[in-house]
Amino acid sequence: MSFNRISTAALAVLAVSASAAVARDNIQIAGSSTVLPYASIIAEAFGENTDFPTPVVESGGSSAGLKRFCEGVGENTIDIANASRQIREKEIKACADAGVTDIIEVRIGYDGIVFASRQSGPAFAAFTPSDIFNAIGAKVIKDGALADNTYANWSEVNAGLPDAEIAMYIPGTKHGTREVFEEKVLLVGCKETGAMQAMIDGGLSQDDAEDACLDVRTDGKSVDIDGDYTETLARIDANANGIGVFGLAFYENNTDKLKVASMSGVMPTTESIAAGEYPVSRPLYFYVKKAHIGVIPGLKEYAQFFVSDELAGPSGPLATYGLVSDPELAETQAAVAAETVINGGM
């Protein structure tokens, strides 16, 4: 793969364009803590194998990264936002309102969301969405009726689970992982247990019932983690009964400390995710500010480098760290090469 440094003359012409003058020469990236390890690997390899400076990669969560991305165009704004979910319409509008009108979406692969506990802790081996919802949902079905959740131990939720206190550490609302957790675990569990139907029967609309299904307990049994996965790991280190929600890659890099449970009878592996068998998986993305291509040296080259077969393919180093290769990687490569923006523009 060949990367060519942008000429000084080209930069001089671009610097006086309406897209903003840029003094820095390193790519600035922020966002998803799930994408962070992959982006860090790529950034280091990019700096070592090209003539461009090593990009600066920060975390902070998908929502926070996209908020920074949408602040505008120019040297004081980031070039790329990493995200463990797709950008929302309201974020696209916020970007446009700030002058960020051309956004390139790059899907890098797939990741699983896993439920893990301390190696030396209780034998949490298998969960279902119903188990998780009944453990931390704000209102659950008890004695045939909808009621406030007062379950204290997992064995009350499911007799097959350990008689250990409920202590779940879940992604905070600014994390893209939270959205997937809500959609594929809480909402599914709410429906499976009959809680959602009970809400509708009680007078809520379908939409309001879905929103209510996502409410979690506020009595300390469910704790939002606003930091990255290392904070969740620290909470589990401090509580032998703790169960954390992690990305598969983070778990696979901490198997000396964590053990993972199956979900709906399927263990989370790259193979089960690639086959579409593991139920709690999602695509991962990064978003490129097209106005910065040709202005920030190496920006397009970085995007192409990231999704190359050698790095993001099934035999690449990212797969070693838990990323499930995208079967449509070739289409992503073509879209990056053509600088195709969201909504089909060029």
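Up top is the structure these notes are about.
Residues numbered from 1 in each chain as written. Predicted model: local features only at pLDDT ≥ 70, side-chain atom pairs only at ≥ 80, totals over all residues. Heavy atoms only, no water.

A. A look at empty space enclosed by the protein. Per the stated rule, a full pass over the model turns up two cavities of 30 Å³ or more. In this structure, the largest cavity encloses a volume near 50 Å³. If you trace the largest cavity, you find it lined by S33, P171, H175, I225, G227, D228, Y229, T232 and V245. Its residues assigned to classes, the lining of the largest cavity shows four nonpolar, four polar and one charged. Computed from the structure, the second largest cavity encloses a volume of approximately 30 Å³. Around the second largest cavity sit I104, V106, V288, I293, K300, A303 and V336, which together line it. Those elements that provide at least two residues to the lining of the second largest cavity are β4 (103–118) and α13 (299–306). The residue inventory of the lining of the second largest cavity, partitioned by class, reads six nonpolar, no polar and one charged. (1 Å grid on protein atoms, 1.4 Å probe; cavity = no way out; pocket = protein on both sides within 12 Å on 5 of 7 lines; lining within 4 Å. Points joined across faces, edges and corners; volume = space filled by probe spheres on them. Nonpolar A, V, L, I, M, F, W, Y, C, P; charged D, E, K, R; others polar. Helix = DSSP H or I, 4+ residues; strand = E, 2+ residues; numbered from the N terminus.)

B. How the structure looks around the layout of surface pockets. Approximately 250 Å³ is the volume found for the largest pocket. Considering the residues around the largest pocket, the lining is formed by 15 residues, among which Q86, E105, Y285, V341 and I342 are closest to the centre. Sorting the residues of the lining of the largest pocket by element identifies α4 (89–97), β4 and α16 (329–337) as the ones contributing at least two each. Among the elements that line the lining of the largest pocket, the one with the most residues is α16, at three residues. Of the residues belonging to the lining of the largest pocket, the class tally is six nonpolar, four polar and five charged. If you add up the space inside the second largest pocket, you get close to 200 Å³. Looking at the lining of the second largest pocket, the elements with two or more residues in it are α2 (36–49), α10 (229–238) and α11 (248–252). With three residues, the top contributor of residues to the lining of the second largest pocket is α2.

C. Spatial organisation of the pattern of salt bridges. Overall, the coordinates contain 16 salt bridges when judged by the stated rule. For R85, the salt bridge identified is with E179, shortest N-O distance 3.9 Å. Remark: E179 occurs in helix α7 (residues 176–193) and R85 occurs in the loop between β3 (80–83) and α4; sequence separation between them is 94 residues. Between R217 and D219 there is a salt bridge, with its nearest N and O atoms 2.8 Å apart. Owing to a relative accessible area of 5%, R217 belongs among the buried residues under this scheme. Residues participating in the shared-partner salt-bridge network are R85, R88, E91 and E179. (Salt bridge = Lys/Arg side-chain N within 4 Å of Asp/Glu carboxyl O. Buried < 20%, exposed > 50% of the residue type's maximum accessible area, 1.4 Å probe, protein only.)

D. Layout of the state of the cysteines. Evaluated as defined, the whole model comprises two disulfides. Paired through a disulfide, C70 and C95 show a sulfur-sulfur distance of 1.9 Å. Judged by the sign of its S-S torsion, about -75°, the cystine formed by C70 and C95 is left-handed. Separated by 25 residues along the polypeptide, C70 in the loop between α3 (62–69) and β3 and C95 in helix α4 bring together distant segments of the chain. A relative accessible area of 0% places C95 in the buried class. Each sulfur of the disulfide joining C190 and C213 lies 2.0 Å from the other. Residues C190 and C213 are joined through a disulfide that is left-handed, its torsion about the S-S bond being -60°. Of this pair, C190 sits in helix α7 while C213 sits in helix α9 (residues 206–213), and the two are 23 residues apart along the sequence. Disulfide connectivity for the protein, with bonded cysteines indexed by sequence position, reads 1-2, 3-4. (Disulfide = S-S within 2.5 Å.)

E. Representation of the packing of aromatic side chains within the structure. Inspection of the entire model under this criterion finds 14 aromatic pairs. Taking 5.9 Å as the distance between ring centres and 55° as the angle between the ring planes, the aromatic pair formed by Y229 and F246 counts as tilted. You can see Y229 sitting in helix α10 and its partner F246 sitting in strand β10 (residues 243–247), a full 17 residues away along the chain. Judged by relative accessible area, Y229 falls into the buried class, the value being 7%. Look at F286 and F306: their rings are 5.0 Å apart centre to centre, the planes differ by 40°, and that puts the pair in the tilted class. On the criterion of sequence distance, the pair formed by F286 in strand β13 (residues 281–289) and F306 in helix α13 is long-range, its members being 20 residues apart. (Phe/Tyr/Trp six-rings, centres within 6.5 Å; stacked < 30°, edge-to-face > 60°.)

Remember, this is a structural readout, not a statement about activity or role.
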